[in-house]
Amino acid sequence: RRQLTYFRAMERIFARKESASWRTALRPGEIHLGKEVFGVSECVKVDGLTWTLAVEQPTDMAFKVSRELGLTILAIAIMAAVILFFVFLPVSRSITEPIRILLGGAALFGGGKLDYRLHLTTGDEFQDLASGFNEMAEKLKNLVDDLRHEKEILEVQKRRLNQNARLLLRRDMDLHQINEEVEAQKEAAEAERNKFQMVLTGITDGVIALDLDRRVIAANEAVLKITGYQIDEVIGRNIEQIMTLYDKNNEVSVSDYVPLRADVAKTIIFSGNNLKLKGKLDKISFVNLVSGQIKEGEASRLGCIITFHDVTKEQELEKMKLDFVSIAAHELRTPLTTA
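**Some details on the overall build of the chain**
Inference 1: The helix and strand tally for the chain stands at seven helices and eleven strands.
Inference 2: Taking all contacts inside the chain whose residues are at least 6 apart in sequence as the whole, residues at least 24 apart take part in 41%.
Inference 3: When the accessible surface of the chain is totalled, it reaches about 25,300 Å², and 58% of it is carbon and sulfur.

**Describing the side chain of Asp 211**
Inference 1: Structurally, the position occupied by Asp 211 is in the loop between strand S5 (206-210) and strand S6 (216-219).
Inference 2: For Asp 211, a relative accessible area of 10% gives the class buried.
Inference 3: There is a polar contact of 2.7 Å between the side chain of Asp 211 and the backbone nitrogen of Arg 215.

**Regarding the pairing of S5**
Inference 1: Counting buried residues in S5 gives five out of five residues, a clear majority hidden from the surface.
Inference 2: The side-chain alternation of S5 yields two buried faces, one formed by Gly 206, Ile 208 and Leu 210 and the other by Val 207 and Ala 209.
Inference 3: Alignment of S5 against strand S11 (residues 304-310), held across five bridges, turns out to be antiparallel. In the strand pairing of S11, Gly 206 is matched with Phe 308.
Inference 4: In the sheet, S5 pairs with S6 via three bridges, with the strands oriented antiparallel. Bridge pairing in S6 places Leu 210 opposite Val 216.
Inference 5: In this antiparallel pair of consecutive strands, S5 and S6, the connection spans five residues, and Arg 214 shows a positive phi of 70°.

**Some details on the sheet that holds strand S10 (residues 284-292)**
Inference 1: Pairing in this open sheet of seven strands is antiparallel, and the strands run S6-S5-S11-S10-S9-S7-S8 from one edge to the other. Only two strands of the sheet have a single neighbouring strand rather than two, namely S6 and strand S8 (250-251).
Inference 2: Where strand S7 (residues 244-247) lies against strand S9 (residues 268-278), three bridges are found, and the strand directions are antiparallel. Bridge assignment links Thr 244 to a residue of S9, and that residue is Lys 278.

Analysis parameters
- Sequence order as written defines the numbering, with residues in each chain counted from 1.
- Side-chain atom pairs in this predicted model are given and counted only at pLDDT of 80 or more, local residue features only at pLDDT of at least 70, and totals for whole chains, interfaces and linings cover all residues.
- Side-chain metrics rest on all non-hydrogen atoms present in the structure, leaving aside hydrogens and water.
- Strands here mean DSSP runs of E at least two residues long; helices mean DSSP runs of H or I at least four residues long; both are numbered from the N terminus.
- By definition in these notes, contact holds between two residues if any of their heavy atoms fall within 4.5 Å.
- Areas reported as accessible are Shrake-Rupley estimates using a 1.4 Å probe. Residue values count occlusion only from the protein chains shown.
- A 1.4 Å probe rolled over the protein chains alone gives each residue an accessible area, and that area as a share of the maximum for its type sets the label: buried under 20%, exposed over 50%, partly exposed in between.
- We define a polar contact as two N or O atoms separated by no more than 3.5 Å, with the added condition that, inside protein, one atom must be a possible hydrogen donor and the other a possible acceptor, whereas residues neighbouring each other in sequence contribute only through side-chain atom pairs.
- In this description, strands pair whenever DSSP reports at least two bridges between them.

In structure tokens:
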């Protein structure tokens, strides 16, 4: 009954068509003879009559091939997946495992563990890369060790420099203190020198101070008058270049009145009266000379001190007196002889 209804409906549909031919298909799932069928119909017009050719087939038979094909494709896909899993998994592991080891080693190197070494024996580029990492780590380790050693050396040098700086600072302070003491002593010596010059200036007798090499280190105005020199012509010159002494007609040796090594126990080295002194441009003066030394002279490089008492006028008066007496005696004797 369902089949008859189906074909009648199809005839009514096709009767409305102007085309000589019309093709339609039954939807899957239509029921025919108690089974789900899949049908195809074709309208054909022959001798003015419209014929409908319908072909149908049960759905399970129509899709059997496609189901079998789908199952086959699914089985092939599953087998391919299994093959890929068991075949390419070791291959992927052989690729990913060295990469994982390299990444771990790089992380350790980056963390400062330069003693760590990568161990890969794959025999390919990964092993070369691991060897490159190991060489780089070795070079970095040596470089870090060198830098640490240099740092230790620099630390030692820094400590030494700091110690030297402290020593230099202490020495600078000591030198500053010594300089202040020297300046104070210099001022005191200058004051003493001024006092000494004032004393020398106030002395009417000539005074000369000599060092251990017989060079003049001080002289007063009376000495300049006796010898005829200026002060700048005397200071620093040897006593032999300034004057020559005579005892009557005999020259007095300089080693007699200014010995280089005198007896420290003696304060008076030489003493002479009425000595003739020849100075600048053979200027003649008569002096009473006394040379002496002090016990602290060697420590202060003071050889001796010579004092001159100018007796030139006395000698001239004495000579004039003798000449007067000689002339008077001569004049007195002359009349008596004549008588």
